[in-house]
Amino acid sequence: PWAEGLRNSNNNASPGGWPATRGGHPLAPFGNPGTEPSYLGRVVLEIVESERTYARDLRSIVEGYLGKIIDAEEPVLRPEQVSALFGNIEAIYELSSTLLQNLESCASDPVAVAVCFVTRSQEFAIYTQYCNNYPSSVAALAECMRSKAQARFLRECQERLRHALPLGAYLLKPVQRILKYHLLLQEIAKHFEHKSGEDYEVVLEAIDTMTCVAWYINDMKRKHEHAIRQQEIQSLLLGWKGPDLTSYGELVLEGTFRVQRVRHERAVFLFDKTLLITKRRGDHYVYKSHIPCSSLMLIESTRDSLCFSLAHYKHGKQQH
């Protein structure tokens, strides 16, 4: 579904913006030279300027850190550390550089800016790989900082670049940026003079495009985090003789509950296909019971609104 949402429906549009005229209306920059730009003009300027700053930050990572690591006479980081630390940052930098060139050629026209995002919609999918790798990047950086030699090398790179913030702050920027594009485009729509017509529809399409990208990346990030948590639960589960937990689908929810007539609380995990009930023992979970979701009954309590029972519909007397 997300691919449908990102589908480019303006294949004939130039990445640099619309032609000089469309429908007999010339596209001109906001205001005359020397005059104060309109609010919409300032919004467009903010998009271009922030992309310029972002591209510059990406370049500093690619050249000031990654390039120095690759060019070092003696290996400073292991190849797997480099891969985990930087992910596909070079591809992100290339996309941002090209997008910046397109935005700079838009002559402050908000519709041309919107077209830049619509025509490149599917290219933003590379951010998914970066965002999914980001937890590994954080872990790799923490490992590097525990090594005196590696930590000293990264600090020297930071000093050479005259960065006030360390590498970790810069590696977070792509995650922040991809989730901000749709908010910047919403500002264009909010202050667009005519809330109808072809131009406005293009702006709305750009918003839909980048909102879909942000939604998809957030969803993939959530699924990635849940998958890691699922593996963690599997490794800590004692007394379980069933199949691998991944066969029960995605982890949906988890929580701790007080259970009547039971001394210890129960740690409960809801997967797509089953409900797993366990008892916490130190850092581990001891298996107690599980109920397939297809057979799960929830019985509300008439005495206490905070109480409810869970049971297998074929074994209604065995309630939790």
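Everything numeric here is computed off the predicted structure, so don't read it as measured data. (Residues numbered from 1 in each chain as written. Predicted model: local features only at pLDDT ≥ 70, side-chain atom pairs only at ≥ 80, totals over all residues. Heavy atoms only, no water.)

**A word on the packing of helix H4 (residues 89-104) against helix H5 (residues 110-119)**
Two numbers describe how H4 lies on H5: the axes approach to 9 Å, and their chain directions differ by 155 degrees. Taken together, the axes of H4 and H5 lie roughly antiparallel to each other. Considering only the axes of H4 and H5, their crossing is right-handed. In this structure, H4 contributes Leu99, Asn102 and Leu103 to the contact, and H5 contributes Val113, Cys116 and Phe117. (Axes fitted to C-alpha atoms, helices over the stretch in contact; angles between N-to-C directions. Helix = DSSP H or I, 4+ residues; strand = E, 2+ residues; numbered from the N terminus. Parallel < 35°, antiparallel > 145°, perpendicular 65-115°, else oblique. Left-handed = near helix turned anticlockwise from the far one by under 90°. Contact = heavy atoms within 4.5 Å.)

**A short note on the confidence of the model for the protein**
Put simply, the protein has an average pLDDT of 86, and 89% of its residues get 70 or more. Mean pLDDT per element in the protein: strand E1 (residues 21-22) is the minimum at 33, and H4 is the maximum at 96. Overall, residues 1-32 carries pLDDT values under 50, and its contacts beyond four positions in sequence, including any with other chains, amount to 56 contacts. (pLDDT = per-residue confidence, 0-100.)

**A look at the pattern of salt bridges**
Scanning all chains against the criterion turns up 14 salt bridges. Two residues, Asp219 and Lys223, come together in a salt bridge whose shortest N-O distance is 3.7 Å. Note that Asp219 and Lys223 are positioned in helix H11 (residues 198-236) at a spacing of four residues, about one turn of the helix. On the accessibility criterion, Lys223 (36% relative accessible area) is partly exposed. The closest approach of N and O atoms between Arg222 and Glu250, which form a salt bridge, is 2.6 Å. One end of the pair, Arg222, is in helix H11; the other, Glu250, is in the loop between strand E3 (237-238) and strand E4 (251-257), with 28 residues separating them in the sequence. By sharing partners, the salt bridges in this structure join Asp219, Arg222, Lys223 and Glu250 into a single network. (Salt bridge = Lys/Arg side-chain N within 4 Å of Asp/Glu carboxyl O. Buried < 20%, exposed > 50% of the residue type's maximum accessible area, 1.4 Å probe, protein only.)

**Some words on the sheet that holds strand E6 (residues 274-281)**
Pairing in this open sheet of five strands is mixed, and the strands run E3-E7-E6-E5-E4 from one edge to the other. A single partner strand is all that each edge strand has here, and the edge strands are E3 and E4. Bridge analysis of strand E5 (residues 266-271) against E6 gives five bridges, and the strand direction is antiparallel. Among the inter-strand pairings, Arg266 is bridged to a residue of E6, identified as Lys279. Across the sheet, H11 lies against E3, E4, E5 and strand E7 (284-292), angled at about 50 degrees from E4, the strand it touches most. (Pairing = 2+ DSSP bridges.)

**Thoughts on the environment of Val82**
Turning to its location among the elements, Val82 is positioned in helix H3 (residues 79-86). Each C-alpha atom, one on Val82 and one on Ile69, is 8.4 Å from the other, the two residues being 13 residues apart in sequence. Contacts of Val82, omitting those with residues within four sequence positions, involve Leu66, Ile69, Leu77 and Gly87.

**What about the packing of aromatic side chains?**
Following the criterion strictly, the structure yields nine aromatic pairs and no others. Ring geometry for Phe192 versus Tyr200: centroids 5.8 Å apart, planes at 40 degrees, classification tilted. Since its relative accessible area comes to 13%, Tyr200 is described here as buried. A cation over a ring is seen here: Lys173 above Tyr170, with NZ or CZ 5.2 Å from the ring centre. (Phe/Tyr/Trp six-rings, centres within 6.5 Å; stacked < 30°, edge-to-face > 60°. Lys NZ or Arg CZ within 6 Å of the ring centre and 35° of its normal.)

**Regarding a nonpolar patch on the surface**
On the surface, Phe257, Leu298 and Phe308 cluster together into a nonpolar patch covering about 280 Å² of accessible area. One can find Leu298 in strand E8 (residues 296-300). Since its relative accessible area comes to 54%, Leu298 is described here as exposed. (Patch = residues over 30% accessible without salt bridge, like charges linked within 9 Å, V, L, I, M, F, W, Y side chains within 5 Å. Areas by Shrake-Rupley, 256 points an atom, 1.4 Å probe, with all protein chains shown as cover.)

**Remarks on helix H10 (residues 181-190)**
By the burial criterion, the buried members of H10 are Tyr181, His182, Leu184, Leu185, Ile188 and Ala189. The buried residues of H10 all sit within an arc of 160 degrees when viewed along its axis, so they share a single face. Buried residues in H10 make contact with helix H2 (39-71), H4, H5, helix H6 (126-145), helix H9 (173-178) and H11. (Arc of directions from axis to C-beta.)

**A few points about the nonpolar core**
Counting 62 residues, the largest nonpolar core has Phe86, Phe117, Phe124 and Ile188 as its most contacted members. Take this core: its biggest share by element is twelve residues, from H2. Look past the residues within four positions of Phe86 in its chain and what remains in contact with it is Ile61, Tyr65, Leu66, Ile69, Tyr130, Leu167 and Leu171. Counting twelve residues, the second largest nonpolar core, distinct from the first, contains Leu237, Tyr248, Ala267 and Tyr285. (Core = buried A, V, L, I, M, F, W, Y, C linked by side-chain atoms within 4.5 Å.)

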